[in-house]
Every structure is written in structure tokens, then in C-alpha cells.
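In case you want the letters, here they are:
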Amino acid sequence: MKRFLTAIGWITVAFATSTCSKKDLPFANSRDAASYNRPVGAAAKDLLNSNTFSSLLVEVQYISGYAPDPAALDQLQQFLASRTNKPGGITITTRAIEDPGSTTLSLSQIRELENRNRTAFNNNTRLSLYILYSNSDYTDAGTLGIAYRNTSAALMGKKIHENSGSFGQVSRTKLEATVLEHEVGHLLGLVDLGSPMQSAHKDASHGNHCKDNQCLMFYASETTDVFGFLSRTNPPALDAGCLADLKANGGK
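Residues numbered from 1 in each chain as written. Predicted model: local features only at pLDDT ≥ 70, side-chain atom pairs only at ≥ 80, totals over all residues. Heavy atoms only, no water.

Participant: I keep staring at the overall build of the protein chain and nothing clicks. Help me out?
Facilitator: Regarding its fold elements, the protein chain presents seven helices and nine strands. When each of the 252 residues of the protein chain is scored for burial, the buried share is 56%. Of the accessible surface of the protein chain, which amounts to about 10,400 Å², a share of 49% is contributed by carbon and sulfur atoms. (Helix = DSSP H or I, 4+ residues; strand = E, 2+ residues; numbered from the N terminus. Buried < 20%, exposed > 50% of the residue type's maximum accessible area, 1.4 Å probe, protein only. Areas by Shrake-Rupley, 256 points an atom, 1.4 Å probe, with all protein chains shown as cover.)

Participant: Can you walk me through the nonpolar core in this structure?
Facilitator: General note: in soluble globular proteins, nonpolar side chains tend to be found buried as a group. Counting residues in hydrophobic clusters, the biggest one holds 45 residues, and the most contacted among them are Ile131, Met217 and Leu238. With residues near it in sequence (within four places) discarded, Met217 still touches His182, Gly185, His186, Leu190, Val191, His209, Cys210, Leu238 and Cys242. Core analysis: the second largest hydrophobic core is formed by 13 residues, Ile63, Ile110, Leu132 and Ala154 among them. (Core = buried A, V, L, I, M, F, W, Y, C linked by side-chain atoms within 4.5 Å. Contact = heavy atoms within 4.5 Å.)

Participant: Mind showing me how you'd approach the packing of helix α2 (residues 70–83) against helix α5 (residues 172–187) here?
Facilitator: Relative placement of two packed helices is described by the angle separating their axes and the distance separating the axes. It is at 8 Å that the axes of α2 and α5 come closest, and there the two elements cross at 35 degrees. Of the two elements, α2 crosses α5, and the hand of that crossing is right-handed. Along its contact with α2, which presents Ala71, Ala72, Leu73, Gln75, Leu76, Phe79 and Leu80, the element α5 presents Thr173, Glu176, Ala177, Leu180, Glu181 and Val184. Broken down by class, the residue content of the contact of α2 with α5 amounts to nine nonpolar, two polar and two charged. (Axes fitted to C-alpha atoms, helices over the stretch in contact; angles between N-to-C directions. Left-handed = near helix turned anticlockwise from the far one by under 90°. Nonpolar A, V, L, I, M, F, W, Y, C, P; charged D, E, K, R; others polar.)

Participant: Teacher, can you tell me more about α5 here?
Facilitator: Side chains three or four residues apart in an α-helix point the same way, a direct result of the helix having 3.6 residues per turn. For α5, which comprises 16 residues, the first-to-last C-alpha distance of 23 Å matches the rise-based estimate of 22 Å (1.5 Å per residue) to within 8%. The element α5 is largely enclosed, with a buried count of 15 among its 16 residues. Within two residues after α5, Gly189 carries a phi angle of roughly 100 degrees, on the positive side. (Expected span 1.5 Å × (residues − 1).)

Participant: Any chance you could explain the environment of Gly194 here in plain terms?
Facilitator: Note on placement: Gly194 falls in the loop between α5 and α6 (226–229). Separated by 151 residues in the primary sequence, Gly194 and Ala43 place their C-alpha atoms 7.7 Å from one another.

Participant: Which parts of the structure should I look at to understand the pattern of salt bridges?
Facilitator: Where charged atoms from two side chains of opposite charge come close, those side chains can pair. The full count for this structure, using the stated rule, is seven salt bridges. Note that Glu162 is salt-bridged to Lys158, the shortest N-O span being 2.8 Å. Remark: Lys158 and Glu162 occur in helix α4 (residues 157–162); sequence separation between them is four residues, near one turn of the helix. Overall, the relative accessible area of 40% leaves Glu162 in the partly exposed class. Exposure remark for Lys158: the relative accessible area of 25% places this residue in the partly exposed category. Here Lys202 makes a salt bridge to Asp192, at a shortest N to O gap of 3.7 Å. With Lys202 in the loop between α5 and α6 and Asp192 in the loop between α5 and α6, this residue pair connects regions lying ten residues apart in the sequence. (Salt bridge = Lys/Arg side-chain N within 4 Å of Asp/Glu carboxyl O.)

Participant: I keep staring at the environment of Lys45 and nothing clicks. Help me out?
Facilitator: Relative to the helices and strands, Lys45 is located in helix α1 (residues 44–48). Note: C-alpha distance between Lys45 and Gly194 (149 residues apart in sequence) is 7.6 Å.

Participant: Explain the state of the cysteines here, please?
Facilitator: The term disulfide refers to a covalent linkage connecting the sulfur atoms of a pair of cysteines. Taken as a whole, this structure holds zero disulfides when the rule is applied. Of the cysteine sulfurs around Cys215, a residue in no disulfide, the closest is that of Cys242, at 3.8 Å. A relative accessible area of 0% places Cys215 in the buried class. For Cys242, a relative accessible area of 0% puts it in the buried group. (Disulfide = S-S within 2.5 Å.)

Participant: For this particular structure, what's the right way to read unusual backbone geometry?
Facilitator: For residues other than glycine, phi is negative in most cases, and the peptide bonds are mostly trans. In this structure, the amide linkage connecting Leu190 to the following residue, Val191, adopts the cis form with an omega of -20 degrees. Within the secondary structure, Val191 is located in the loop between α5 and α6. Unlike most non-glycine residues, Asn124 shows phi in positive territory, near 55 degrees. The exposure class assigned to Asn124 is exposed, which follows from its relative accessible area of 69%. With phi around 65 degrees, Asp192 is a residue other than glycine that occupies positive phi space.

Participant: I tried to follow helix α7 (residues 240–248) on my own but got confused; where do I start?
Facilitator: Buried residues of α7: Gly241, Cys242, Asp245 and Leu246, and no others. Looking down the long axis of α7, one finds its buried residues gathered within 135 degrees of arc, a one-sided arrangement. Summarising the contacts, the buried residues of α7 are in contact with α1 and α2. Where α7 terminates, the next one or two residues include Gly250, which has phi positive at roughly 110 degrees. (Arc of directions from axis to C-beta.)

Below is the structure:
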């Protein structure tokens, strides 16, 4: 499945170190593993501007039964188009991968899955992101998604399914799109992860999140208050502080 464009629960940011361990280093299909094993936010400028990479490919892989919601992917594509300068276009691909056969996944296991299965890497003027949809819980059972490398994120598909789409629950599209955009927001360097703050809007007591309680990057999107946060008519959006950070770092 491909989408072309010409023009939570809890969400966690996991920081990869710039020094690659022997276990983390191999990507089965890449000769330049170190480029994809950097800290969250390290690729923010390249994602936002068109100086080096004028197009973007988002590779989404999933375990059978937990395919991404098409409408959520559409919203992710619109989010990226509205915030990044990619005149060569944005493409999203999806593909099922083998079930790892584990009820829970640790960060190291998620990295291993990416190492074995990722096929999209930077190519000439095209930059690539990788997003995994797991059928397992994270080791922190409340987690819905993590951003864990400079171009990598994972969503806990099973947990998202359990907490959306039924009577009294938020819609699958709304919850999934919020998790996707929140994690990609961290990959874009928000907040204070690679896109320097233009104003003091970081909520220091809740890590790399925005202090504006109406913002997509507000910490409530990763706490037990997530459903109240998503109960508004309009889905969460980036506030003026986060938008200013992205624009100053080469984005729109």
C-alpha cells in the first residue's frame, strides 16, 4: 500500500545514544547503520528543510491484525506536508512483517525488529523514516508509542486497539493519529530535542513536552488523562511555541 503527496495510555520518548553498541549496529539492508542509530531529534533539521533531502519516505511496518488505520496515515501525511519543506513529495508505504511471538517488547527488542526488517534508508535526496506497529505491549504496559532513534518510532498497536473504537472510547483514527503525530513531533525535534526553543515553552517537570495544555506536545497525551485530552471536538494541534521552533529550524 502506498500514499503519494506532491506537495495515548502513554507515549514515551526513548533516547538512543550516539555511540552504537555492537548489538544495535547491524541493519540487515543498510551499509550505513550509524546514520540511523542517533538520538531522537538528531535528524530534525534534515527532516524540516530541503537543503539535503527534498523528499521523504515513511516506511510503516506492522504485525498482521494490527495494520495502521488508513485515515490516521492520511492525517500523518498532511501533518508532515504542513510542517516540512519537501517539494519532492512525501510517500508512506505499509508492509506486514513476521510476528515476533512475544507478549511484551523491550526497547532493545524493538530496535532488533527494525534492524531485521527496515528496508527504507536515505537515498540521494530522499530521507526515510521507520514506524513499527507492534502486536505486543511495551515493557511499560501503559505505553502507546515511543520515539527511540533519530528516524525511528514505534506504536503499540494492540494497546491502541484496546483503548479505542468501542462504545465510550475515542475513535481509532483520533487516538492513532495523535500518537503518530506526537512521536513524529519528537523526531522533528520537539520540544528542545533538536529544534531549539524560540521561547520558554518546555514543561521541565514532564520531560520534553510543551507546557501549553492545548498543544499536541503537552504531557497529558502520555498520561491517564489522555482520553480527556482527546475528548475535544478538534484533535490536538501544535501551539505557537512549537510551530515557531519548527519554522526556525527550517520547517514551515
